[in-house]
Amino acid sequence: MPILNTNQHDPNKILPIEYDWAREYYEAGVNNNWVPEEIPMQDDVSQWEGDALTDSERQLVEWNLGFFSTAESLTANNIVLALYEYVTAPECRQYLLRQAYEEAIHTDTFIYCCDSLGFDPEYMYGMYDRVPAIEQKDEFVVELTQVLDDDGFTIESTADVRELLRDLVGFYIVMEGIFFYAGFAMMLGLKRQNKMVGTGQQFEYIMRDESLHVGFGVDLIDQIRTETPGVWTDAFESEVVELITEAVELEQIYAREACPDDVLGMSAEQFAQYVEYIADRRLGQLGVPEQFGSENPFPWLSEQTDLNKEKNFFETQVTEYQSGGSLEW
Ligand code: FE
Ligand code: MN
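Residues numbered from 1 in each chain as written. Chains lettered and ligands numbered in written order. Predicted model: local features only at pLDDT ≥ 70, side-chain atom pairs only at ≥ 80, totals over all residues. Heavy atoms only, no water.

### Quick notes on the overall build of the protein chain
Line of reasoning, step 1. A count of helical and extended segments in the protein chain gives 16 helices and 0 strands.
Line of reasoning, step 2. Over its C-alpha atoms the protein chain spans a radius of gyration of 19 Å, differing by no more than 12% from the 20 Å that the globule rule assigns to 329 residues.
Line of reasoning, step 3. The dimensions of the protein chain, computed from C-alpha atoms along their principal axes, are 60 × 40 × 40 Å.
Line of reasoning, step 4. Within the protein chain, contacts between residues separated by at least 24 positions form 80% of all contacts whose residues are at least 6 apart in sequence.
Line of reasoning, step 5. Distance between charge centroids for the protein chain: 5 Å, based on 19 positive and 63 negative side chains. (Helix = DSSP H or I, 4+ residues; strand = E, 2+ residues; numbered from the N terminus. Rg over C-alpha atoms; globule rule 2.2 N^0.38 Å. Contact = heavy atoms within 4.5 Å. Lys, Arg positive; Asp, Glu negative; His and termini not counted. Charge placed at Lys NZ, Arg CZ, Asp CG, Glu CD.)

Shown next, in the form of structure tokens:
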């Protein structure tokens, strides 16, 4: 039974499961349950109200909260308003609902941080309008998927499937897989220096969720490619490489502007290199040749967090993922 747009089976009948991988992502997501309110913010509040942070560090926190708060919501909207209509395999829809819930948790994180740190919501959400590097990232992804927003869009031809793939590359690979990562590195770098530890821990939980989202997106893209011979043309692959290259440039601009000085013992150049390293990783997941050849400048980050786990997801899930709010990688 095809994964997309099918009337050949009942979308309300999930058993027998055909796409086991989708079911496994669902179960892994459930095992990662958490809510932001579990994480104490007292120390963050005293640091934020006192003088523990430099001006650059404060800006970095504000920008990342500002960027993620809109990006999480764009991602959730894309799942519910665009993807859900076309991805009809019931076990994939079950995961999309799970993911949409996780995006709601992520949105809740920014409500919780805003409340506890005393941000003016207009100020935080206004980051999107005030900071061109943030607006450009969001617009880049949204523009990629505009065809799907058209009321008249349906999937009939291979070219239509390609439009859907462009959306999947835009949201799963570029937004969740690249645009989130300089921000993750910055917030976890702060946490590593015992600054804004509660906020950093929330970003760690989000990053753990996002590594599953990216993995699901990659497997979904693969399955659609398998089921739609001729959709992944050389021209489309070049387009994907170009999109990812442009995304890297935008993310590097963001990284340099959000982190202008050597804060955290991490330089803007290292963030730029980290973005290239991540982008190569995403290309590799899509089976496309790497473009940058950059080393990971922050080995502590991949040890601590997601990258090895992403790789070993299916072999290691039993021991690596556990119920409750514990953050064990
Ligand atoms: Fe998210
Ligand atoms: Mn996500």
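### Thoughts on helix α1 (residues 20-31)
Line of reasoning, step 1. Between its terminal C-alpha atoms α1 stretches 17 Å, which fits the 16 Å expected from 12 residues at 1.5 Å a residue.
Line of reasoning, step 2. Regarding α1, the residues found buried are W21, A22, Y25, A28 and G29. The arc enclosing the buried residues of α1, seen along the axis, measures out at 120 degrees, which places them on a common side. (Expected span 1.5 Å × (residues − 1). Buried < 20%, exposed > 50% of the residue type's maximum accessible area, 1.4 Å probe, protein only. Arc of directions from axis to C-beta.)

### Overview of the packing of helix α9 (residues 158-179) against helix α11 (residues 197-227)
Line of reasoning, step 1. Taken N-terminus to C-terminus, the directions of α9 and α11 make an angle of 160 degrees; their axes are 9 Å apart at the nearest point. As far as their axial angle goes, α11 and α9 are roughly antiparallel. Crossing of α9 over α11 shows left-handed handedness. Listed contacts from α11 to V161, L164, L165, L168, V169, Y172, I173, E176 and G177 of α9 are E210, H213, V214, F216, G217, V218, L220, I221 and I224. (Axes fitted to C-alpha atoms, helices over the stretch in contact; angles between N-to-C directions. Parallel < 35°, antiparallel > 145°, perpendicular 65-115°, else oblique. Left-handed = near helix turned anticlockwise from the far one by under 90°.)

### Brief notes about the confidence of the model for the protein chain
Line of reasoning, step 1. Mean pLDDT for the protein chain: 88, with 91% of residues reaching 70 or above.
Line of reasoning, step 2. Looking across the protein chain, the model is least confident in helix α16 (residues 313-320), with a mean pLDDT of 37, and most confident in helix α2 (residues 42-49), with 97. (pLDDT = per-residue confidence, 0-100.)

### With respect to the nonpolar core
Line of reasoning, step 1. Core analysis: the largest hydrophobic core is formed by 108 residues, its most contacted members being F179 and F216.
Line of reasoning, step 2. Looking at this core, the element that brings in the most residues is α9, giving 12 residues.
Line of reasoning, step 3. Residues in contact with F179, not counting those within four places in the same chain, are F67, K137, F140, V141, V174, A247, L250 and E251. (Core = buried A, V, L, I, M, F, W, Y, C linked by side-chain atoms within 4.5 Å.)

### So, the packing of aromatic side chains
Line of reasoning, step 1. Enumeration according to the criterion identifies 26 aromatic pairs in this entry.
Line of reasoning, step 2. Ring geometry for Y25 versus F216: centroids 6.0 Å apart, planes at 85 degrees, classification edge-to-face. With Y25 in helix α1 and F216 in helix α11, this pair connects stretches of sequence that are 191 residues apart.
Line of reasoning, step 3. Between Y95 and F216, the aromatic rings sit 4.4 Å apart at their centres with planes inclined by 35 degrees, giving tilted as the arrangement. Residue Y95 is found in helix α4 (residues 90-117), and its partner F216 is found in helix α11; the two are separated by 121 residues along the sequence. Summarising the burial analysis for this pair, Y95 and F216 share the class buried. (Phe/Tyr/Trp six-rings, centres within 6.5 Å; stacked < 30°, edge-to-face > 60°.)

### A few points about the coordination of the iron ion (ligand 1)
Line of reasoning, step 1. Donor atoms from the polypeptide that bind the iron ion (ligand 1) are E72 (OE), E103 (OE), H106 (ND1) and E210 (OE), placed at 1.8 to 2.2 Å.
Line of reasoning, step 2. Mapping the donors of the iron ion (ligand 1) onto the primary sequence gives the spacing E-x30-E-x2-H-x103-E.
Line of reasoning, step 3. Taken as a pair, the iron ion (ligand 1) and the manganese ion (ligand 2) lie 3.0 Å from each other and share E103 as a ligand. Within this pair, whereas E72 is found in helix α3 (residues 55-86), its partner E210 is found in helix α11, the two being separated by 138 residues in sequence. (Donors = N, O, S within 2.8 Å, 3.2 Å for Na, K, Ca; no water.)

### Here's the deal with α2
Line of reasoning, step 1. All of the buried residues along α2 are D44, Q47 and W48. Buried residues of α2 fall within an arc of 100 degrees about the axis and therefore sit on the same side. Counted as exposed and oriented over 90 degrees from the buried face of α2: Q42 and E49.

### Focus: the coordination of the manganese ion (ligand 2)
Line of reasoning, step 1. Protein coordination at the manganese ion (ligand 2) comes from E103 (OE), E176 (OE), E210 (OE) and H213 (ND1), with a distance range of 1.7 to 2.2 Å.
Line of reasoning, step 2. When the donors of the manganese ion (ligand 2) are listed by position in the chain, the intervening gaps give E-x72-E-x33-E-x2-H.

### Considering unusual backbone geometry
Line of reasoning, step 1. Of the consecutive residues L15 and P16, the connecting peptide bond is found in the cis state with omega at -5 degrees.
Line of reasoning, step 2. Looking at the secondary structure, you find P16 in the segment before α1.
Line of reasoning, step 3. At N194, a residue that is not glycine, the phi angle is positive and equals roughly 60 degrees.
Line of reasoning, step 4. The topology assignment puts N194 in the loop between α10 (181-192) and α11.
Line of reasoning, step 5. Here N194 falls in the exposed class, since its relative accessible area comes to 56%.
Line of reasoning, step 6. With a phi close to 50 degrees, M196 is a non-glycine residue in the positive phi region.
Line of reasoning, step 7. Secondary-structure assignment places M196 in the loop between α10 and α11.
Line of reasoning, step 8. A residue is classified by how much of its surface remains accessible, and M196, at 0% relative accessible area, is buried.

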